[in-house]
Amino acid sequence: MVEAQEKRSKRIAELKRNIINTATKRAQEASYPIAARNKNLLLNDFEYATGKIALESSPEGIGIGTHYACNGKCVFCLGGKPRIFSLERYREFFEPRLENVLSRASYVSFCGFGELFLMPRVEEFMDYVNKKIPWANKIYTTNGAPLANDKILNLLTQSQSAVQISLHASHRELHRALTKLDSFDEIVARIRQIISMRKSKERPSVILVFLINSLNVENLADFVEFAHRLRVDEVRCNYMTAFHHSQLKLSCFFKQELTNRSLEEAEERAAKLDLILKLPPRFGRGSQGTGSLLCAEPWKYIYVENESSVLPCCYAGSHFGYLDRMDFQTIWNGSSYRQLRKSLVEGPPHKWCKHCQRYRAENINDIRSHINFRPGGLLKILKGYKL
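Position labels on residues start from 1 in each chain and follow its written sequence. Per-residue local features are limited, in this predicted model, to residues with pLDDT of at least 70; the limit for side-chain atom pairs, both in listing and counting, is 80 or more; totals at the level of whole chains, interfaces and linings are taken over all residues. The side-chain numbers reported here are obtained from all heavy atoms of the structure, hydrogens and water having been left aside.

Here's the deal with the pattern of salt bridges
Salt bridges are identified by distance alone: a Lys or Arg side-chain nitrogen within 4 Å of an Asp or Glu carboxyl oxygen. Under the criterion given, the structure shown has 21 salt bridges. Between Asp 127 and Lys 131 there is a salt bridge, with its nearest N and O atoms 3.1 Å apart. Note that Asp 127 and Lys 131 are positioned in helix H4 (residues 122–132) at a spacing of 4 residues, about one turn of the helix. A simple rule labels every residue: compare its accessible area, found with a 1.4 Å probe on the protein chains alone, to the largest value its type can have, and call it buried under 20%, exposed over 50%, or partly exposed in between. Among the residues examined, Lys 131 registers a relative accessible area of 62% and is labelled exposed. Taken together, the shared-partner salt bridges in this structure form one network comprising Asp 222, Glu 225, Glu 265 and Arg 269. Numbering goes from the N terminus for both helices and strands, where a helix is a DSSP run of H or I of at least four residues and a strand is a run of E of at least two.

Some details on the pairing of strand S8 (residues 301–304)
Residues Tyr 301 and Tyr 303 line one face of S8 and the alternating positions Ile 302 and Val 304 line the opposite face, and both faces are buried. In this analysis, strands are considered paired if DSSP registers two or more bridges between them. As judged from the 4 bridges shared by strand S1 (residues 61–64) and S8, these two strands associate in the parallel manner. Note that in S8 the partner of Ile 62 across the bridge is Ile 302. Looking at chain direction, S8 and strand S9 (residues 309–311) are connected through 2 bridges and run antiparallel. Considered in S9, the bridge of Val 304 is made with Val 310. Counting the residues in the hairpin turn of S8 and S9 gives 4 residues, including Ser 308, whose phi is positive at 95 degrees.

What about helix H8 (residues 220–230)?
Within H8, the full set of buried residues consists of Leu 220, Ala 221, Phe 223, Val 224, Phe 226, Ala 227 and Leu 230. The contact rule is simple, with two residues in contact once any of their heavy atoms fall within 4.5 Å. If you follow the buried residues of H8, they end up packed against helix H7 (184–197), strand S5 (205–212), strand S6 (234–239), helix H9 (256–273) and strand S7 (276–278). Directly beyond the C-terminal end of H8, a positive phi value near 65 degrees is found at Arg 231.

A short note on the pairing of S6
Sheet topology note: the S5/S6 ladder contains 6 bridges and is parallel. Note that in S6 the partner of Leu 208 across the bridge is Val 235. Since S5 and S6 lie parallel, the crossover through H8 that links them has a hand, and here it is right-handed. Where S6 lies against S7, 3 bridges are found, and the strand directions are parallel. Note on S7: the bridge partner recorded for Arg 236 is Lys 278. Here the term right-handed applies to a crossover when the path leading from its first strand over the helix to its second strand runs clockwise, the strands being oriented away from the viewer. Where the polypeptide runs from S6 across H9 and back to S7, its parallel neighbour, the crossover connection is right-handed.

Looking at the packing of H8 against H9
Two numbers describe how H8 lies on H9: the axes approach to 8 Å, and their chain directions differ by 20 degrees. What the angle tells us is that H8 and H9 run roughly parallel. The two elements H8 and H9 meet at a crossing, and its hand is right-handed. Contacts from Leu 220, Ala 221, Asp 222, Val 224, Glu 225 and His 228 of H8 reach H9 at Ser 262, Leu 263, Glu 265, Ala 266, Arg 269, Ala 270 and Leu 273. Axis lines are fitted through C-alpha atoms, for helices just across the contact stretch, and the angle between N-to-C directions can take any value from 0 to 180 degrees. Note on terminology: angles under 35 degrees are roughly parallel, angles over 145 are roughly antiparallel, angles of 65 to 115 are roughly perpendicular, and the others are oblique. Should the near helix be turned counterclockwise from the far one by less than a right angle, the crossing is left-handed, whereas a clockwise turn marks it as right-handed.

Points about empty space enclosed by the protein
Residues are called lining when one of their atoms sits within 4 Å of a cavity or pocket point, these points coming from a 1 Å grid over the protein atoms alone, where a cavity is a set in which a 1.4 Å probe fits but cannot get out and a pocket is an open set with protein on both sides within 12 Å along at least five of seven lines. Grid points are joined across faces, edges and corners, and a volume is the space filled by probe spheres set on the points. Per the counting criterion, the structure on display carries 1 cavity of 30 Å³ or more. Looking at the largest cavity, its volume works out to about 140 Å³. If you trace the largest cavity, you find 15 residues lining it, with Cys 295, Cys 313, Trp 352, Cys 353 and Cys 356 closest to the centre. Within the residue set of the lining of the largest cavity, elements represented by two or more residues are helix H10 (297–300) and helix H12 (335–346). Classes in brief: Ala, Val, Leu, Ile, Met, Phe, Trp, Tyr, Cys and Pro nonpolar; Asp, Glu, Lys and Arg charged; the others, Gly included, polar. For the lining of the largest cavity, the per-class residue count stands at 13 nonpolar, no polar and 2 charged.

Some remarks on the packing of aromatic side chains
Only Phe, Tyr and Trp rings are paired, with Trp represented by its six-membered ring, and only when their centres lie within 6.5 Å; those with planes under 30 degrees apart are stacked, over 60 edge-to-face, the remainder tilted. Inspection of the entire model under this criterion finds 20 aromatic pairs. A centroid spacing of 5.3 Å and a plane angle of 85 degrees characterise the contact between Phe 85 and Phe 125, whose relative ring orientation is edge-to-face. Residue Phe 85 is found in the loop between S1 and helix H3 (87–103), and its partner Phe 125 is found in helix H4; the two are separated by 40 residues along the sequence. By relative accessible area, Phe 85 is classed as buried at 1%. Judged by relative accessible area, Phe 125 falls into the buried class, the value being 0%. Both rings, one in Phe 320 and one in Tyr 337, keep their centres 5.1 Å apart while their planes meet at 90 degrees; by these two values the pair is edge-to-face. Of this pair, Phe 320 sits in the loop between S9 and strand S10 (321–322) while Tyr 337 sits in helix H12, and the two are 17 residues apart along the sequence. Accessibility classification places Phe 320 together with Tyr 337 in one group, the buried group. A network of ring pairs unites the aromatic residues Phe 85, Tyr 90, Phe 93, Phe 94, Phe 110, Phe 117, Phe 125, Tyr 128 and Tyr 140 as a single cluster. Lying over the aromatic face of Phe 93, Arg 89 brings its terminal NZ or CZ to 3.9 Å of the ring centre. Here Arg 360 stacks its cationic end above the ring of Tyr 359, 4.5 Å away from the centre of that ring. Counting as a charge over the ring demands two things of the Lys NZ or Arg CZ atom: a distance within 6 Å of the ring centre and an angle within 35 degrees of the ring normal.

These figures come from the coordinates and say nothing about function on their own.
Next up, the structure:
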């Protein structure tokens, strides 16, 4: 056992030396900012692949909670009244605290409660981040209605970016039932306009989001064909997560056979149309190809809410720290993060990960994987449900 551990340690040390040597070579061939970013991303890949607990690298992805008021009332929304995001908030809070992390990230996701593109001076904000972090893929999530603003469309084409449009339906009646918006045709017209305006698939990449629930699951295959006709780059699907007891009835957990058939049909159509389609796991199956890979998020991603709270992923139940009280490194390698990584590498899994589909795909067969892990929420939502 001791000999095997020594061999593993030597192999990890050798891998690390190779990565550092490669990064150093790149540093001699490129400008400093590019070289430092490449070095960090290589090291981040290495530390994830070897299951390192305390990290020298910073994450390749950063999520920023760009909360703003919303014009929709989606049936699966969390709701609430979060602190409102602004350009000033980004400049005065996020940027100085995350400056070094932003400089070494490959993407930044602007996704919060509500609709960022309705924010006053959003065009100024987009222009600002285009100039400040031109190397990073800037990912904007929207319900699509504010894309009627031509200035937003133009800014999306001026830097590497992606726009994720939460559409969830291939026709206006279903879209209205899910989002309470009456703007389906206008959103579709704007998607066509974005596609026609762009000069490359990275300015912007266009992704349609389909949150699978009992109301729209049978529409999924048609949605794939609809997305193909629009010539978007990708369709991304996940199961709905219940935040309230009233939402539980919308979960596909209670329509497993129908859901599996719908996913299989959608997958077949996407293959014929050569469309990228990302689907969640099927129900009723054992191991579904996760192998020995760890959930990457505790190594490769961090989400900072507008209130300053830090989460390791969008499913996490509690905060891992507060960026207004401590610096990034203190949180990133603090006890919460180290315990989470260690639980994934050595076991047993963290209490959140234990029932999460990203930890094990077969967890999809457990009702707890379809419910948000916020403190106290699980028991309230499952009140009266026998596990």
